[in-house]
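These are the residues of each chain, in order.
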Amino acid sequence: MAFDIQVTNPQLHASVIPHRIVPVRFARAVSGFADKDAPDIDDRGFIIPQSFCNALGPVVGITQNKTVRVRVIRDRLEPTTQIFASVEDTAIAALEHPSPGTAISSSDVGERKGDCIYLTGTASGSSAQETKVKIHFGAADGPVIAEMAVRVYPELVIRVQAHAVTINGVAPTTTLANVQSMFRRINRIYASAGVRYSLANNLAAESVNGFTTPGTVTLTNVADQRNTELQTVMRLNPVANKLNAYFFAHYFDTVSGQQDQVLGIAFSRNDANANPPNPATGFPGCQAGITVRDSADIKESAHTSAHEIGHALTLMHYADGQAGTPSDIRNDIWGHRNLMHNFVNLINSSAPGDDRFPNSPARGQVGYGSYSDGRVMAGQNLGIKKISGIRQSDQVETLRTAIRNRTYAPV
């Protein structure tokens, strides 16, 4: 009896449900706050344009001359199955562990963690370069069962001046030690984008009077770019060619009636140039930089500051302005993992009739840990892939272009 075997395209047959079988996948090697040595990966989609990430799989970012680790998860393989890693172009990235030709071990080896590959960005030069990591089945030259792009970035450095602003005689509680702790964490977030922040070793003391409420920037029903109190703060002795970060005690929003509902606000030079001073009305003009209120939780302050820096580097909220409902785009799991998600903590439940935050344990657990009060922290991942249908999906390229253009520096 003869049998006829045919290949069926599921897209042409509505009754056929396609399934992707993934024997091996890549993942972040740690949980909790961002770790510069164990970055999150961009795993949005496997079929992507050749100009951004040419692997059929995720992509990880590394700074030149730095070493990171990525976890290899055996989804459809026995733990004892031998798998091997190789790098396509070792002039761009080198496999530090396991040694080329050695199987990936599920057990820790010395200081090396089991089921992890360690990669060093060996590329040089002033432009980003990309290669692939391949996972082979059974032997060092066995069939490829997974691949991941590795994008190596030359380091870009942003110099930072922090300011402590006393308003109507009330000073913030944020100290230089607090700010130093924040920026150590911020550097952990931005390492996978090849960006480092160099903080000045002083906290500039600023003072302003005549505001509505002591210690407080009052937000009204005008756009923040045109809020006189906020922009007056951001015009307090900004240092040229630096990112200026202003810390004060409180925000009060007159529209919502809420104090400290807002955590931070920031602007780029694009915002500043679009909202110049108006002497006739006394408006001082919008200024580039970031503002952050006091917080008792250093992780919240660091996350907020890193997010606001993203805005100073022209990043918008994840998929902001995109067609479609928020629950479909900005509030999906990728959105929750992203640094530019527009909430500092995750909301995974909704009131009856409100579908913006559907109840889902997965949406509320993206692996970045919790704040001291138990709120689940939003993610700190930055997108690398350029994906049609997601506005500003290539966040790393966007922010690196902004750094070269110094969109964070005062006008």
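Residues numbered from 1 in each chain as written. Predicted model: local features only at pLDDT ≥ 70, side-chain atom pairs only at ≥ 80, totals over all residues. Heavy atoms only, no water.

Trainee: Before we move on, can you summarise the overall build of the protein with the specific residues and values?
Mentor: The secondary structure content of the protein amounts to six helices and 16 strands. Counting the 411 residues in the protein, one finds 51% classified as buried. Long-range contacts, defined here as pairs at least 24 residues apart, represent 71% of the contacts in the protein between residues at least 6 apart. With an accessible surface of roughly 18,700 Å², the protein has 49% of that area assigned to carbon and sulfur atoms. (Helix = DSSP H or I, 4+ residues; strand = E, 2+ residues; numbered from the N terminus. Buried < 20%, exposed > 50% of the residue type's maximum accessible area, 1.4 Å probe, protein only. Contact = heavy atoms within 4.5 Å. Areas by Shrake-Rupley, 256 points an atom, 1.4 Å probe, with all protein chains shown as cover.)

Trainee: Let's hear about the sheet that holds strand β4 (residues 83–87): which residues, and what values?
Mentor: Spatial ordering of the open sheet is given by β2-β8-β7-β4, a layout of four strands whose pairing is mixed. This sheet does not close on itself; its edge strands, each paired only once, are β2 (59–63) and β4. Strand after strand, the sheet turns through a mean of 25 degrees between neighbouring axes, direction not considered. Sheet topology places strand β7 (residues 129–137) next to strand β8 (residues 144–153); eight bridges connect them, and they run antiparallel. In the strand pairing of β8, Gln129 is matched with Val152. (Pairing = 2+ DSSP bridges. Axes fitted to C-alpha atoms, helices over the stretch in contact; angles between N-to-C directions.)

Trainee: Could you give an account of the sheet that holds strand β12 (residues 243–248), naming the residues involved and the relevant values?
Mentor: As a general point, the strands of a sheet are linked pairwise by backbone hydrogen bonds and lie either parallel or antiparallel. An order of β10-β9-β12-β16-β15 is seen for the five strands of this open sheet, with the pairing classed as mixed. Each edge of the sheet is formed by a strand with only one pairing partner; in this case those strands are β10 (195–208) and β15 (264–267). Sheet twist, expressed as the mean angle between neighbouring strand axes with direction ignored, is 20 degrees. When strand β9 (residues 156–167) meets β10, the two strands line up parallel, connected through eleven bridges.

Trainee: Provide a residue-level description of helix α4 (residues 298–312), including the pertinent values.
Mentor: For α4, built from 15 residues, the straight-helix expectation of 21 Å at 1.5 Å per residue is met to within 8% by its first-to-last C-alpha distance of 21 Å. Of all 15 residues in α4, 13 are buried; the element is thus mostly enclosed. (Expected span 1.5 Å × (residues − 1).)

Trainee: Can you break down the pairing of β4 residue by residue, with the values?
Mentor: Within β4, four of the five residues are buried, which leaves the element mostly enclosed by the surrounding structure. Pairing geometry for β4 and β7, over five bridges, is antiparallel. Each bridged residue has a counterpart across the sheet, and for Val87 the counterpart in β7 is Val133.

Trainee: Run through the nonpolar core, naming residues and quoting values.
Mentor: Considering soluble globular proteins, one finds that nonpolar side chains tend to be buried as a cluster. With 49 residues, the main nonpolar core has Ile158, Tyr190, Tyr197, Leu243, Ile309, Leu313 and Leu399 as its most contacted residues. Elements represented by at least two residues in this core include exactly β8, β9, α1 (176–190), β10, β12, β16 (289–293), α4 and α6 (395–404). Sort the elements by how many residues they give to this core and α1 lands first, with six residues. Non-local contacts of Tyr190, meaning those with residues more than four positions away in its chain, are made with Val195, Tyr197, Ala306, Ile309, Gly310, Leu339, Leu382 and Leu399. Residues Phe26, Ile117, Val133 and Val150 belong to the second largest nonpolar core, which totals 25 residues. (Core = buried A, V, L, I, M, F, W, Y, C linked by side-chain atoms within 4.5 Å.)

Trainee: Tell me about the packing of aromatic side chains, and please be specific about residues and values.
Mentor: This structure, assessed with the given rule, holds three aromatic pairs. Both rings, one in Phe248 and one in Tyr251, keep their centres 5.0 Å apart while their planes meet at 75 degrees; by these two values the pair is edge-to-face. Taken individually, Phe248 and Tyr251 each receive the classification buried, so the pair is uniform in this respect. Three or more aromatic residues joined by ring pairs form one cluster here, namely Phe183, Tyr190 and Tyr197. Over the face of the ring belonging to Tyr118 we find Arg112, whose NZ or CZ atom lies 4.6 Å from the ring centre. (Phe/Tyr/Trp six-rings, centres within 6.5 Å; stacked < 30°, edge-to-face > 60°. Lys NZ or Arg CZ within 6 Å of the ring centre and 35° of its normal.)

Trainee: How would you explain the environment of Ser305 if you had to name every residue and give the values?
Mentor: Among the secondary structure elements, Ser305 is positioned in helix α4. Classification of Ser305 as buried rests on a relative accessible area of 0%. Separated by 13 residues in sequence, Ser305 and Val292 place their C-alpha atoms 6.7 Å apart. Excluding residues that lie within four positions of it along the chain, Ser305 makes contacts with Met182, Ile186, Phe247, Ile290 and Val292.

Trainee: How would you sum up the pairing of β12? Please name residues and give values.
Mentor: On a regular strand, one side chain projects to one face of the sheet and the next to the other, so that they alternate. A large share of β12 lies buried, amounting to six of its six residues. Judged by which residues are buried, β12 turns out to be covered on both faces: Leu243, Ala245 and Phe247 on one side and Asn244, Tyr246 and Phe248 on the other are all buried. Bridge count between β9 and β12: five bridges; the pairing is parallel. Paired with Ala164 across the strands is Phe247, a residue of β12. As judged from the four bridges shared by β12 and β16, these two strands associate in the parallel manner. Within β16, the position partnered with Phe248 by the bridge is Arg293.

Trainee: So what's going on with the pattern of salt bridges? Which residues, and what values?
Mentor: Opposite charge on two side chains allows them to pair when their charged atoms are near. This model, assessed by the stated rule, comprises 15 salt bridges. For Lys132, the salt bridge goes to Glu147, with nearest N and O atoms at 3.8 Å. In this pair, Lys132 is assigned in strand β7 and Glu147 in strand β8, connecting sequence segments 15 residues apart. Judged by relative accessible area, Lys132 falls into the buried class, the value being 14%. Look at Glu147 and you get buried, because its relative accessible area is 13%. Note that Lys386 is salt-bridged to Asp394, the shortest N-O span being 3.9 Å. Salt bridges sharing common partners tie together Asp40, Asp43 and Arg337. (Salt bridge = Lys/Arg side-chain N within 4 Å of Asp/Glu carboxyl O.)

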